[in-house]
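Remarks on the overall topology
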Amino acid sequence: MADHGFSDKVKGAVNKTKGEAKDQYGNATGDTKKQAEGKLDKMKGDVQEKVGEMKDNRH
């Protein structure tokens, strides 16, 4: 049974949440590396969610 992009959307949401936590931690501690990691995770999550949406729209 195909999930039609559902798993990509879930992975995207997880990465966006993880990225937001890292970004906020970096902001609070002045850790620019952690902020950059968080921003990268959030971008990765956005892409994964878009892929999931595209898969949904194909079916």
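Everything quoted here is computed from the prediction, not taken from an experiment.

Broken down by element type, the chain carries two helices and zero strands. The globule rule puts the C-alpha radius of gyration for 59 residues at 10 Å, and the 14 Å found for the chain is more than 25% above it. Overall size of the chain, expressed as C-alpha extent along the three principal axes, is 45 × 15 × 10 Å. Evaluated residue by residue, the chain yields a buried proportion of 24% over its 59 residues. Across the chain, every contact between residues at least 6 apart in sequence was considered, and the portion connecting residues at least 24 apart equals 64%. Taken as a whole, the chain presents about 4200 Å² of accessible surface, with 59% of it coming from carbon and sulfur.

Our next topic: the environment of Lys 39. Inspection of the secondary structure puts Lys 39 in helix H2 (residues 32–58). With 16 residues separating them in the primary sequence, Lys 39 and Asp 23 have C-alpha atoms 6.4 Å apart.

What follows covers the environment of Glu 20. By the secondary structure assignment, Glu 20 is in helix H1 (residues 6–29). Separated by 20 residues in the primary sequence, Glu 20 and Leu 40 place their C-alpha atoms 9.8 Å from one another.

How each quantity is defined
Residues numbered from 1 in each chain as written. Predicted model: local features only at pLDDT ≥ 70, side-chain atom pairs only at ≥ 80, totals over all residues. Heavy atoms only, no water. Helix = DSSP H or I, 4+ residues; strand = E, 2+ residues; numbered from the N terminus. Rg over C-alpha atoms; globule rule 2.2 N^0.38 Å. Buried < 20%, exposed > 50% of the residue type's maximum accessible area, 1.4 Å probe, protein only. Contact = heavy atoms within 4.5 Å. Areas by Shrake-Rupley, 256 points an atom, 1.4 Å probe, with all protein chains shown as cover.

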